[in-house]
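# Chains, contacts and geometry: an overview
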Amino acid sequence: MSRRGALPAVLRAALESTPGTCYRHCDRPVRLRTVASSLPGTWHVRACPSGVVSVTSYAEWTRRDPVDSVRRTLRRWTVPRSLVRSWDLRTATRHGPELGRRAEASLARVRPARGVRVVYWRVYPFRAKDGTERRLFVCFRRAHPGPVFFAASPSSKRSECPVCAQRVRRPRGA
Amino acid sequence: MPLSVRKGRLLAKRLGVPFRTLDIDRPAEERAADRLVRGHGDDAPDYLIPQVFLEWSDGAVQHLLTGFSEKVARTSDAWDALLASEWLRSVVREGSR
């Protein structure tokens, strides 16, 4: 028995795609990471080995609009929270016929009909107030309860994660 | 020719209906696209494109496909699946009766 809104295996498989390479940053292969949260759907973060994020997606099998809960969850994971802007959240409904035979048949059997809602979070490179370029990074170190998203210079490394930096700076015994 | 224009024409030909595009870089067409997406599609402040709709003879509008943000090749796969779908076969079958 799965949680309401969770994607059955046939739909998870139908939504998968090969991640490709890091665009306009390093051209290295992008890795796909699955992330757990309190939401019932499936999170995927696509990022290169340096941690530069191509796109983060959340997919849920539902009739409701999951954008608000996706925004709240992303803000919990992001430093600063203001980096998560409504402008960068885009939704897509997957009905079945565009997902291949097995997914189409699976979705066609469900009454009343419900599709898969996917919310994408894509932050394009932007300029900071000092004019320098910023990209969205992610850090997956085990010390975090979840991923940590942050903005940094394209030449940065994951080691600039603000949550990891706080841990390092904390006085011993504090 | 853009992927979704090429595949969209193919879909329209299979259905025997005219194919219409709305270019969001043209203000009048953008307004029409905004209305369509707001009423029937995947709306957002900066919504995904392409979005594909089918208008039925009774005026009903059906959202068929929204582009995949992952990469263009994934949207191409989705178009191929749609063109090979049981849904399309059944609509064509019904239309030819």
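Residues numbered from 1 in each chain as written. Chains lettered and ligands numbered in written order. Predicted model: local features only at pLDDT ≥ 70, side-chain atom pairs only at ≥ 80, totals over all residues.

## Regarding the overall build of chain A
Counting secondary structure elements, chain A contains four helices and nine strands. For chain A, the succession of helices and strands along the chain, N to C, is α-β-β-β-α-β-β-α-β-β-β-β-α. A buried classification covers 36% of the 174 residues belonging to chain A. Within chain A, contacts between residues at least 6 apart in sequence are counted, and of these 51% link residues at least 24 apart. (Helix = DSSP H or I, 4+ residues; strand = E, 2+ residues; numbered from the N terminus. Buried ≥ 20, exposed ≤ 12 C-beta atoms within 10 Å, placed from the backbone. Contact = placed C-beta atoms within 7 Å.)

## Overview of the sheet that holds strand 2 (residues 42–47) of chain A
Residues and elements named next belong to chain A. Ordered in space as 1-2-3-6-5, the five strands form an open sheet in which the pairing is antiparallel. Looking along the sheet, the strands with just one partner apiece sit at the ends: strand 1 (31–35) and strand 5 (89–94). The average undirected angle you get between the axes of adjacent strands in this sheet is 20°. The pairing of strand 2 with strand 3 (residues 53–61) spans six bridges and is classified as antiparallel. Its bridge partner lying in strand 3, A47 is registered against V53. Running over the sheet, helix 2 (residues 67–77) touches strand 3, strand 5 and strand 6 (116–121) and is turned about 135° from strand 5. (Pairing = 2+ DSSP bridges. Axes fitted to C-alpha atoms, helices over the stretch in contact; angles between N-to-C directions.)

## What about the interface of chain A and chain B?
Listed per partner, the contact involves 17 residues of chain A and 20 residues of chain B. The leading source of residues in the side of chain A that touches chain B is strand 5 of chain A, at five residues.

## Examining the confidence of the model for chain B
Put simply, chain B has an average pLDDT of 95, and 100% of its residues get 70 or more. Scored by ipTM, the complex comes to 0.94, with pTM at 0.92. (pLDDT = per-residue confidence, 0-100.)

## What to know about unusual backbone geometry
Backbone torsion omega between V79 of chain A and P80 of chain A reads -5°, so that peptide bond is classified as cis. Note that the residue after I49 of chain B, namely P50 of chain B, is joined by a cis bond; omega there is -5°. Counting through the fold element by element, P50 of chain B comes out in the loop between helix 2 (27–40) and strand 1 (51–55). If you check the backbone angles, D27 of chain A has positive phi at about 60° while not being a glycine. Assignment of secondary structure puts D27 of chain A in the loop between helix 1 (9–15) and strand 1. Its 10 C-beta neighbours within 10 Å are what place D27 of chain A among the exposed residues.

## Details of the pairing of strand 5 of chain A
Within a regular strand, side chains alternate between the sheet's two faces. Residue and element names in this part refer to chain A. Taking burial as the measure, the six residues of strand 5 include five buried ones, the bulk of the element. In this structure, strand 5 lies alongside strand 6, joined through six bridges in antiparallel fashion. For L89, the partnering residue across the bridge sits in strand 6 and is W121.

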